[in-house]
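Structure assessment
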Amino acid sequence: KTLKLMVTGGAGYVGSVCAARLVEAGHDVTVVDDLSTGHADAVHPDATFVEGDAAEVARRLLGDGFDGVLHFAAKSLVGESMTDPAKYWEGNVLTSLRLLEAMRDHGTKRLVFSSTAATYGEPESSPIPETAPTQPTNTYGATKLAIDHAITSFSRAHGIAAVSLRYFNVAGAYGSFGERHTTETHLIPLVLQVATGDRERIQIFGDDYPTADGTAIRDYIHVVDLADAHQLALRHAAEGEHRIYNLGSGTGFSVLEVIEACRRTTGHEIPAAVAPRRAGDPSVLVASSERAGDELGWKPERTDLDGIVADAWAFTRSRRNA
Ligand code: UDP
């Protein structure tokens, strides 16, 4: 069935890929983005684009027969969230609250929210199930967790069918839609910047973690698998319920393994240097996505690390040649 959907943050990395896949699946998509970190040319040409604040635009437009909202718009720099918390409580929590109020007032029935593994903080065990304690170690994770709580209340009180998807490390690209942050902090795009010559070397943040090679392990999920999960979440969302799903490929790769994969894919030697640990970085973050498998029928298909890196690399090169 074709749905009329609002995609907040649809000019950003994950939002632009999800919006493109939704458009291609035949849905009527309106992208809302204030372009504070997104890019207008990352909006799929067949989506309607409205520039502005997610909550204000939702208040103005949701009455126009929208079946649901996919809410990606957020501030997402962990370091910045520690030095400028107001920006995160304001930009993430208050904006989301106003968005929920607009949904309530307009009777919008479905919501898929971009939550994060950062809601769990330093895990007690691995892989992490949705029942793990939520003890975020940074403000970014705390604001996403606060929004998850607000969504639970609103879904119960107002019959909204809501799903929060807790992403682990999103990577890869979908053709011309990919990761292009002005302030880049993520491992794979930074390593690829070394391969293009835009960066001299990659810093390895800590080589004394209790892992096989001493570097930290993360669960890298391909952005297209993630986009597929959003479509399944929309379909399976149930009125008055707020469901939470962890999304990862279920396999962890170390920083060194990622750098090696980038070396293989790019043919570049990619100099690396060991640097101190980054504050607040857990040693291992791997998702248990069993619940998403059981309840949504989701199965990540693009789990090969070299394949993920190859897609990111193709995107990086096409942008440089554009
Ligand atoms: N990392 C690194 N060097 C960098 C950037 C990241 O060693 O220049 C490490 C980081 O410490 C973490 C992993 O790579 O263990 C993934 O970091 P990223 O920022 O991509 O995602 P996070 O896991 O923090 O969400």
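Note that the structure is predicted; figures quoted are calculated from it, not measured.

Definitions and cut-offs
- Residues numbered from 1 in each chain as written.
- Predicted model: local features only at pLDDT ≥ 70, side-chain atom pairs only at ≥ 80, totals over all residues.
- Heavy atoms only, no water.
- Near = heavy atom within 4 Å.
- Polar contact = N/O pair within 3.5 Å; in protein donor to acceptor, adjacent residues only side chain to side chain.
- Areas by Shrake-Rupley, 256 points an atom, 1.4 Å probe, with all protein chains shown as cover.
- Helix = DSSP H or I, 4+ residues; strand = E, 2+ residues; numbered from the N terminus.
- Nonpolar A, V, L, I, M, F, W, Y, C, P; charged D, E, K, R; others polar.
- Salt bridge = Lys/Arg side-chain N within 4 Å of Asp/Glu carboxyl O.
- Buried < 20%, exposed > 50% of the residue type's maximum accessible area, 1.4 Å probe, protein only.
- Contact = heavy atoms within 4.5 Å.

Another aspect to go through is the site of the ligand. The local shell around the ligand holds 15 residues, among which L187, Q203, R218, R278 and D281 are the closest. A distance of 2.9 Å is found between an oxygen atom of the ligand and a side-chain nitrogen or oxygen belonging to N169. In this structure, F205 approaches the ligand through a main-chain N or O atom, which is 2.9 Å from an oxygen atom. In isolation the ligand has 520 Å² of accessible area, and contact with the protein removes 87% of it. For the shell around the ligand, the elements supplying multiple residues, two or more each, are α6 (187–196) and β8 (202–205). Per-element accounting of the shell around the ligand gives the leading share, four residues, to β8. Of the residues in the shell around the ligand, the class split is eight nonpolar, four polar and three charged.

This brings us to the pattern of salt bridges. According to the stated counting rule, one finds 18 salt bridges in the structure shown. Two residues, K87 and E80, come together in a salt bridge whose shortest N-O distance is 2.8 Å. Overall, the relative accessible area of 24% leaves E80 in the partly exposed class. As a salt-bridge pair, E130 and R291 come within 3.8 Å of each other at their nearest N and O atoms. Of the two residues, E130 sits in the loop between β5 (110–116) and α5 (139–158) while R291 sits in helix α9 (residues 290–296), which places them 161 residues apart along the sequence. E130 gets classed as buried once you look at its relative accessible area, which sits at 13%.

Our next topic: the environment of R180. With respect to the helices and strands, R180 occurs in the loop between β7 (169–171) and α6. Separated by 27 residues in sequence, R180 and D207 have C-alpha atoms that sit 27 Å apart. Look past the residues within four positions of R180 in its chain and what remains in contact with it is H39, D41, A42, F315 and R319. Polar side-chain contacts of R180 include one of 3.0 Å to the side chain of D41.

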